[in-house]
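# Architecture and fold: a report
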Amino acid sequence: MNRGRLVLFEGLDRTGKTTQSNILLERLKPNATLIKFPERSTEIGAVIDRYLKDKTFELPDQAVHLLFSANRWEMAERIKQLLLQGTHVVLDRYVYSGVAYSAAKHTDRMDRTWCLQPDRGLPRPDLTIFLTSDDAENELRAGFGEERYEKSEFQQEVKRQFVEVFKALEDSSHEEKLVHVVNVTGKSVEEVAKVVWDLVEPVVTLPTDSTYSELLYF
Ligand code: NYM
Ligand code: MG
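None of the values given here were measured: they were computed from a predicted structure.

Here we come to helix α1 (residues 17-28). For α1, built from twelve residues, the straight-helix expectation of 16 Å at 1.5 Å per residue is met to within 8% by its first-to-last C-alpha distance of 16 Å. All buried positions along α1 are accounted for by Lys17, Gln20, Ser21, Leu24, Leu25 and Leu28. For α1, the angular spread of the buried residues around the axis is 140 degrees, confining them to a single face. Looking at the buried side of α1, the elements it contacts are β1 (6-11), β2 (32-36), β3 (88-92), β5 (127-132) and α7 (189-205).

What follows is the structure, given as structure tokens:
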């Protein structure tokens, strides 16, 4: 049987990841599931949720990083099973966010290499779409600033880190490009959805040849 494809949306806060993940999910239904990280409904997710919302709740940066990674590992087996049973899985954030947000803190002895390590072995997406924007106004959109990390200065550093993480995790063993950058500046939701679909369609419709038989891993 054709295995499902793993499609990931990454990007800064408020670039439309959640909107686009939902639109894509609707297009792929009924043969698709959406998983959003952090997955706040688990035990580990509850601690992460508190950390993001309650700025008086302090944890060492290393511990927070490992919690975000552990939260992905909590879901890893389910993601694998879904893919193997032929269901497409759409992810709203994943490994790249984990590394980019943590590395952007520039905590002593917690560089990108350190940050990458706990996620090694997780299923790797067949396609990653990085939503970026050069709109300063974007940051002023409703809701920005409610949670930890939602500060424009920090977001600029996260953006820089994302680019480095994509380079560090590039996998030259694949013929196809696995990561695509989509700049949403000046584009409507529908226009972005069209660009997204043009990237996703060939990935979900390719016949089963050797390209999508095995799962990929970080
Ligand atoms: N975030 C998300 C991390 O710092 N590390 C991670 O591994 C993941 C998955 O959580 N500002 C941060 C990025 C966001 C915050 O995510 C909450 P969202 O998509 O805004 O709910
Ligand atoms: Mg957010």
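There is more to say after this.
Put simply, α1 and α7 touch, their axes get as near as 10 Å, and they point 50 degrees apart. As summarised for this structure, α1 and α7 are arranged oblique, according to the angle between their axes. Considering only the axes of α1 and α7, their crossing is right-handed. Note on element contacts: α7 touches α1 through Val189, Val192, Ala193, Val196, Trp197, Val200 and Val204, opposite Thr19, Gln20, Ile23, Leu24, Arg27 and Leu28. Among the residues forming the contact of α1 with α7, the class breakdown is ten nonpolar, two polar and one charged.

When its volume is computed, the largest pocket comes out at roughly 550 Å³. Forming the boundary of the largest pocket are 29 residues, of which Asp13, Lys36, Arg40, Arg93 and Glu150 lie nearest the centre. Among the elements of the structure, α1, α3 (61-84) and α4 (95-103) are those that each provide at least two residues to the lining of the largest pocket. For the lining of the largest pocket, a count of residues per class yields nine nonpolar, seven polar and 13 charged.

The next thing to look at is the site of ligand 1. Around ligand 1, the structure places 14 residues, and the nearest of them are Lys36, Arg40, Arg72, Arg93 and Gly98. Between ligand 1 and Asp13, the relevant distance is 3.1 Å, taken from a nitrogen atom to a side-chain nitrogen or oxygen of the residue. For ligand 1, whose free accessible area comes to 480 Å², the fraction covered by protein is 94%. One can see that ligand 1 is located within the largest pocket. Broken down by element, the residue count for the shell around ligand 1 peaks at three residues, all from α4. Of the residues that constitute the shell around ligand 1, the class distribution is six nonpolar, two polar and six charged.

Parameters at a glance
- Residues numbered from 1 in each chain as written.
- Chains lettered and ligands numbered in written order.
- Predicted model: local features only at pLDDT ≥ 70, side-chain atom pairs only at ≥ 80, totals over all residues.
- Heavy atoms only, no water.
- Helix = DSSP H or I, 4+ residues; strand = E, 2+ residues; numbered from the N terminus.
- Expected span 1.5 Å × (residues − 1).
- Buried < 20%, exposed > 50% of the residue type's maximum accessible area, 1.4 Å probe, protein only.
- Arc of directions from axis to C-beta.
- Contact = heavy atoms within 4.5 Å.
- Axes fitted to C-alpha atoms, helices over the stretch in contact; angles between N-to-C directions.
- Parallel < 35°, antiparallel > 145°, perpendicular 65-115°, else oblique.
- Left-handed = near helix turned anticlockwise from the far one by under 90°.
- Nonpolar A, V, L, I, M, F, W, Y, C, P; charged D, E, K, R; others polar.
- 1 Å grid on protein atoms, 1.4 Å probe; cavity = no way out; pocket = protein on both sides within 12 Å on 5 of 7 lines; lining within 4 Å.
- Points joined across faces, edges and corners; volume = space filled by probe spheres on them.
- Near = heavy atom within 4 Å.
- Polar contact = N/O pair within 3.5 Å; in protein donor to acceptor, adjacent residues only side chain to side chain.
- Areas by Shrake-Rupley, 256 points an atom, 1.4 Å probe, with all protein chains shown as cover.
- Sits in = over half its atoms within 2 Å of the grid points.

That's the geometry; what it means functionally is another story.
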